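What follows is each chain in one-letter form.
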Amino acid sequence: MRGSVMGTAVTLAAGTLLTAAMTTASASPPTAATTPVKAGPAQHVLVDCFFHRNVRPNDFILACGDGNSRLTGLHWSAWGPYRAQAVGVNMVNDCKPYCAAGTFHAYPVVIRLSGEQPWKKHPSFQRYTQISLTYPDTRPDAFKQVMTYSLWD
């Protein structure tokens, strides 16, 4: 009987830790800084993980699946047809020894959005198709000084 109680306790603890690790990225409710700004059809938009259209967001999740890479404190100097530019911080989890126990590190970054294409979900909006991050100083292990990613539709 003592063995089954101990086994149940270990199973419940493991389940709780796994749930916490899987929900960390999306557990906090939206704030004014993370709530998408509504865009009019004439504006170019940045589509986020939740398929909301954003204009000059304050922050942006790059790693939608696990939240281990996020842009924060974004200050936009340009936002228009074909390109947008901002400076901010890329918060990246080092995932050491594993992601749930990892540490987030801040890296200053210059963000450039480029490309233009009608958004499949709302064709009246033009969405940016690429994001480039330039690390002027330090950067995460295994990252190049300039990292370019396709943006989701």
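Read on for an overview of the structure. In this text, all values refer to a predicted model and were calculated from it rather than measured experimentally. (Residues numbered from 1 in each chain as written. Predicted model: local features only at pLDDT ≥ 70, side-chain atom pairs only at ≥ 80, totals over all residues. Heavy atoms only, no water.)

### A word on the overall build of the protein chain
Working step 1: Counting its regular elements, the protein chain contains one helix and 10 strands.
Working step 2: Across the 153 residues that make up the protein chain, the buried fraction comes to 31%.
Working step 3: Expressed as a percentage of contacts within the protein chain between residues at least 6 apart in sequence, the contacts between residues at least 24 apart total 40%.
Working step 4: Accessible surface, the protein chain: about 9,200 Å² in total, of which carbon and sulfur atoms supply 62%. (Helix = DSSP H or I, 4+ residues; strand = E, 2+ residues; numbered from the N terminus. Buried < 20%, exposed > 50% of the residue type's maximum accessible area, 1.4 Å probe, protein only. Contact = heavy atoms within 4.5 Å. Areas by Shrake-Rupley, 256 points an atom, 1.4 Å probe, with all protein chains shown as cover.)

### With respect to the pairing of strand β5 (residues 83-93)
Working step 1: Bridge count between strand β4 (residues 69-80) and β5: nine bridges; the pairing is antiparallel. Paired with L71 across the bridge in β5 is N90.
Working step 2: Taking the residues that link successive antiparallel strands as the turn, the β4-β5 hairpin has two residues, and the phi of Y82 there is positive, at about 75°.
Working step 3: As defined by bridge partners, β5 adjoins strand β6 (residues 104-114) across 11 bridges and the pair is classed as antiparallel. Counted as the bridge partner of A86 is I111 from β6. (Pairing = 2+ DSSP bridges.)

### Looking at the nonpolar core
If you look at soluble globular proteins, the nonpolar side chains tend to sit buried side by side.
Working step 1: L71, W76, W79, I111, L113, I131 and L133 are the most contacted members of the largest nonpolar core, which totals 25 residues.
Working step 2: Mapped onto this core, the elements with two or more residues apiece are β1 (44-47), β4, β5, β6 and β9 (130-134).
Working step 3: Once residues lying within four places of it in the same chain are set aside, the contact partners of L133 are L62, L71, N90, V109, V110, I111, Q145, V146, M147 and Y149. (Core = buried A, V, L, I, M, F, W, Y, C linked by side-chain atoms within 4.5 Å.)

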